[in-house]
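Chain residues, written in single-letter form:
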Amino acid sequence: MILHLGEQVYWGSVEVIFLAGTITALDEERQTVTVRIERATPNAAHLIGQEAEFFADGLEPLTALGELPPGLTDHPVSERQPLPAMDDAEKLRRAAAAAVHQLYGYHRLPAEQEQALIAEVRAMLEADPALRARTLATMDEILRLDFLGSRRSPREPDQPA
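About the cut-offs
- Residues numbered from 1 in each chain as written.
- Predicted model: local features only at pLDDT ≥ 70, side-chain atom pairs only at ≥ 80, totals over all residues.
- Heavy atoms only, no water.
- Helix = DSSP H or I, 4+ residues; strand = E, 2+ residues; numbered from the N terminus.
- Buried < 20%, exposed > 50% of the residue type's maximum accessible area, 1.4 Å probe, protein only.
- Contact = heavy atoms within 4.5 Å.
- Expected span 1.5 Å × (residues − 1).
- Arc of directions from axis to C-beta.
- Polar contact = N/O pair within 3.5 Å; in protein donor to acceptor, adjacent residues only side chain to side chain.
- Core = buried A, V, L, I, M, F, W, Y, C linked by side-chain atoms within 4.5 Å.

### Quick look at the overall build of the protein chain
For step 1, the next point in the chain: For the protein chain, the helix and strand inventory stands at three helices and five strands.
For step 2, the next point in the chain: Along its sequence from the N terminus, the protein chain presents helices and strands in the succession β-β-β-β-β-α-α-α.
For step 3, the next point in the chain: In the protein chain, buried positions account for 40% of the 161 residues.
For step 4, the next point in the chain: Here the analysis covers contacts within the protein chain between residues at least 6 apart in sequence; of these, 58% occur between residues at least 24 apart.

### So, helix 2 (residues 111–127)
For step 1, the next point in the chain: The end-to-end C-alpha separation of helix 2 is 24 Å, in line with the 24 Å expected for 17 residues at 1.5 Å each.
For step 2, the next point in the chain: Inspection of helix 2 places Glu-114, Leu-117, Ile-118 and Leu-125 among the buried residues, and these make up the whole buried set. One side of helix 2 carries all its buried residues, which in axial view fall inside an arc of 100 degrees. Turned more than 90 degrees away from the buried face of helix 2 sit Glu-112, Glu-120 and Ala-127, all of them exposed.
For step 3, the next point in the chain: Among the structural elements, helix 1 (88–104) and helix 3 (129–143) are those in contact with the buried residues of helix 2.

### Notes on the side chain of Thr-73
For step 1, the next point in the chain: Along the chain, Thr-73 falls in the loop between strand 5 (60–61) and helix 1.
For step 2, the next point in the chain: Polar contacts involving the side chain of Thr-73 include one to the main-chain amide nitrogen of His-75, which spans 3.1 Å.
For step 3, the next point in the chain: Once residues lying within four places of it in the same chain are set aside, the contact partners of Thr-73 are Glu-38, Arg-39, Ala-40, Pro-42, Ala-45 and Ile-48.

### Looking at the environment of Ala-133
For step 1, the next point in the chain: Position of Ala-133 relative to the elements: it lies in helix 3.
For step 2, the next point in the chain: With 41 residues separating them along the chain, Ala-133 and Leu-92 place their C-alpha atoms 10.0 Å apart.

### Looking at unusual backbone geometry
For step 1, the next point in the chain: Despite not being glycine, Gln-31 has its phi angle at roughly 60 degrees, a positive value.
For step 2, the next point in the chain: Turning to its location among the elements, Gln-31 is positioned in the loop between strand 2 (17–27) and strand 3 (32–40).
For step 3, the next point in the chain: Given a relative accessible area of 35%, Gln-31 falls into the partly exposed group.

### Comments concerning the nonpolar core
For step 1, the next point in the chain: Counting residues in hydrophobic clusters, the biggest one holds 33 residues, and the most contacted among them are Leu-3, Leu-19, Val-33, Val-35, Ile-37, Phe-54 and Leu-59.
For step 2, the next point in the chain: Counting only elements with at least two residues in this core, the list comes to strand 1 (8–13), strand 2, strand 3, strand 4 (51–55), helix 1, helix 2 and helix 3.
For step 3, the next point in the chain: If you tally residues by element for this core, the top one is helix 1, at five residues.
For step 4, the next point in the chain: If you look at the next biggest cluster of nonpolar residues, it comprises seven residues, including Phe-18, Leu-62, Leu-65 and Tyr-106.

Set out below in structure tokens:
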């Protein structure tokens with residue numbers, strides 16, 4: 001585990017769900033990290049101020065992004081905001097945008113070049129039936145995550161978010 005107590009980390013992608021905060025506890029044996037959520041996309045703002053447990057390999061240092069992505073808030077809300085409604089085309093577009101932003105970051109490419117890359121990745125996802133199906137299944141699972149209060153099946157005991 002190469003993360004450190006007090007380090008700022010993030011999970012997710014602003015195109016769907018994004019959480020950022022400070023590590024408050026490490027469990028090297030289980031390879032989990034507890035994070036106090038400090039910033040989130042509006043659909044996860046009800047988690048701001050709470051602590052959540054993640055697998056260590058699912059987190060990245062916040063410094064890896066350069067700048068924070070657009071559309072985040074640091075103001076908690078008392079009620080969970082609805083998740084974005086997405087058809088399959090929108091799920092693929094957002095997955096493509098997340099991939100481009102993971103590779104290039106936010107605000108680092110000219111807008112026209114960024115949009116062209118997103119369109120290229122989306123076309124690649126659409127062209128490969130197996131990759132398309134896997135991407136849609138992953139997006140559906142992300143949108144059902146337990147800590148957002150929308151999971152349809154119970155979580156296994158001791159399973160981190």
